[in-house]
Amino acid sequence: MAASSYWSCSCSCWIEKRLLGKNTKTRSLFADFIASTLIVYLLSIFLDGAEVTFLGAILTAILLTLPEIPVHNYLVNSGRARKTPA
(Lines give C-alpha, C1' and ligand atoms only; values in the text may rest on other atoms or scores of the structure.)
Protein backbone atom coordinates (compact mmCIF):
# COMPACT_ATOMS: atom_id res chain seq x y z
CA MET A 1 0.00 0.00 0.00
CA ALA A 2 2.91 2.36 0.61
CA ALA A 3 3.88 2.41 -3.07
CA SER A 4 0.31 3.21 -4.08
CA SER A 5 0.11 6.07 -1.59
CA TYR A 6 3.44 7.49 -2.80
CA TRP A 7 2.38 7.55 -6.45
CA SER A 8 -1.06 8.84 -5.57
CA CYS A 9 0.41 11.73 -3.58
CA SER A 10 2.95 12.51 -6.30
CA CYS A 11 0.23 12.64 -8.92
CA SER A 12 -1.97 14.75 -6.65
CA CYS A 13 0.83 17.30 -6.21
CA TRP A 14 1.14 17.65 -9.97
CA ILE A 15 -2.64 18.00 -10.31
CA GLU A 16 -2.72 20.69 -7.62
CA LYS A 17 -0.07 22.77 -9.35
CA ARG A 18 -1.95 22.53 -12.65
CA LEU A 19 -5.56 22.96 -11.49
CA LEU A 20 -5.72 24.69 -8.12
CA GLY A 21 -7.17 28.17 -8.17
CA LYS A 22 -9.81 30.23 -6.42
CA ASN A 23 -12.60 29.08 -8.75
CA THR A 24 -11.35 25.53 -9.29
CA LYS A 25 -11.10 24.06 -5.78
CA THR A 26 -13.94 21.59 -6.37
CA ARG A 27 -12.57 20.57 -9.76
CA SER A 28 -9.13 20.03 -8.24
CA LEU A 29 -10.54 17.88 -5.41
CA PHE A 30 -12.51 15.80 -7.91
CA ALA A 31 -9.40 15.34 -10.05
CA ASP A 32 -7.41 14.31 -6.95
CA PHE A 33 -10.11 11.79 -6.06
CA ILE A 34 -10.25 10.26 -9.56
CA ALA A 35 -6.47 10.13 -9.85
CA SER A 36 -6.10 8.53 -6.42
CA THR A 37 -8.76 5.93 -7.18
CA LEU A 38 -7.18 4.94 -10.48
CA ILE A 39 -3.61 4.92 -9.17
CA VAL A 40 -4.44 2.78 -6.13
CA TYR A 41 -6.49 0.35 -8.19
CA LEU A 42 -4.13 0.07 -11.16
CA LEU A 43 -0.93 -0.15 -9.12
CA SER A 44 -2.39 -3.01 -7.12
CA ILE A 45 -2.52 -4.99 -10.35
CA PHE A 46 1.24 -4.70 -10.76
CA LEU A 47 2.24 -5.35 -7.14
CA ASP A 48 2.76 -9.03 -6.45
CA GLY A 49 0.41 -10.27 -3.74
CA ALA A 50 -1.58 -7.03 -3.55
CA GLU A 51 -5.33 -7.28 -3.92
CA VAL A 52 -7.48 -4.17 -3.95
CA THR A 53 -11.11 -4.13 -5.02
CA PHE A 54 -12.47 -1.13 -6.84
CA LEU A 55 -14.54 -0.26 -3.78
CA GLY A 56 -11.38 -0.47 -1.68
CA ALA A 57 -9.64 1.89 -4.10
CA ILE A 58 -12.56 4.32 -3.82
CA LEU A 59 -12.48 4.23 -0.02
CA THR A 60 -8.71 4.76 -0.02
CA ALA A 61 -9.13 7.68 -2.42
CA ILE A 62 -11.69 9.22 -0.07
CA LEU A 63 -9.21 8.95 2.79
CA LEU A 64 -6.50 10.55 0.64
CA THR A 65 -8.79 13.32 -0.63
CA LEU A 66 -10.41 14.44 2.64
CA PRO A 67 -7.23 16.06 4.03
CA GLU A 68 -6.89 17.93 0.74
CA ILE A 69 -9.92 20.12 1.55
CA PRO A 70 -8.22 22.22 4.27
CA VAL A 71 -4.94 22.17 2.34
CA HIS A 72 -6.62 23.59 -0.78
CA ASN A 73 -8.46 26.19 1.30
CA TYR A 74 -5.18 27.26 2.94
CA LEU A 75 -3.27 27.44 -0.34
CA VAL A 76 -5.95 29.47 -2.09
CA ASN A 77 -6.65 31.81 0.85
CA SER A 78 -2.96 32.46 1.52
CA GLY A 79 -2.24 33.20 -2.13
CA ARG A 80 0.26 30.36 -2.49
CA ALA A 81 -1.79 28.81 -5.28
CA ARG A 82 -1.24 31.70 -7.69
CA LYS A 83 -0.17 30.73 -11.14
CA THR A 84 3.10 32.36 -12.12
CA PRO A 85 4.72 32.41 -15.55
CA ALA A 86 7.30 29.70 -16.04
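Above this text sits the structure in question.
Being a predicted model, the structure only gives us computed values, none of them experimental.

Caption draft 1: View of a nonpolar patch on the surface. Residues F30, I34, L38, L42, I45, F46 and F54 make up a contiguous nonpolar surface patch of about 740 Å² in total accessible area. Examining the composition of the nonpolar patch, we find that six residues originate from one element, helix α2 (residues 25-46), more than from any other. Relative to the helices and strands, F30 resides in helix α2.

Caption draft 2: Highlighting the environment of N23. Here N23 is to be found in the loop between α1 (2-19) and α2. Overall, the relative accessible area of 77% leaves N23 in the exposed class. Separated by 53 residues in sequence, N23 and V76 have C-alpha atoms that sit 9.4 Å apart.

Caption draft 3: Seen up close, helix α3 (residues 54-65). In a regular helix each residue adds 1.5 Å, so twelve residues correspond to 16 Å; α3 covers 16 Å between its end C-alpha atoms and thus fits that length. Looking at α3, one finds that the buried residues are A57, T60, A61 and T65. An end-on view of α3 places all buried positions within 130° of arc, on one side of the element. Of the exposed residues in α3, the ones pointing more than 90 degrees away from its buried face are L55 and L63.

Caption draft 4: Spatial organisation of the packing of α2 against helix α4 (residues 68-78). Between α2 and α4, whose axes approach to 11 Å, the crossing angle comes to 140°. Comparing their axes, α4 and α2 come out oblique. By crossing handedness, the relation of α2 to α4 is classed as right-handed. Along its contact with α2, which presents K25, S28, L29 and D32, the element α4 presents E68, I69, H72, N73 and V76. The residue makeup of the contact of α2 with α4, split by class, is three nonpolar, three polar and three charged.

Rules and cut-offs
- Residues numbered from 1 in each chain as written.
- Predicted model: local features only at pLDDT ≥ 70, side-chain atom pairs only at ≥ 80, totals over all residues.
- Heavy atoms only, no water.
- Patch = residues over 30% accessible without salt bridge, like charges linked within 9 Å, V, L, I, M, F, W, Y side chains within 5 Å.
- Areas by Shrake-Rupley, 256 points an atom, 1.4 Å probe, with all protein chains shown as cover.
- Salt bridge = Lys/Arg side-chain N within 4 Å of Asp/Glu carboxyl O.
- Helix = DSSP H or I, 4+ residues; strand = E, 2+ residues; numbered from the N terminus.
- Buried < 20%, exposed > 50% of the residue type's maximum accessible area, 1.4 Å probe, protein only.
- Expected span 1.5 Å × (residues − 1).
- Arc of directions from axis to C-beta.
- Axes fitted to C-alpha atoms, helices over the stretch in contact; angles between N-to-C directions.
- Parallel < 35°, antiparallel > 145°, perpendicular 65-115°, else oblique.
- Left-handed = near helix turned anticlockwise from the far one by under 90°.
- Contact = heavy atoms within 4.5 Å.
- Nonpolar A, V, L, I, M, F, W, Y, C, P; charged D, E, K, R; others polar.

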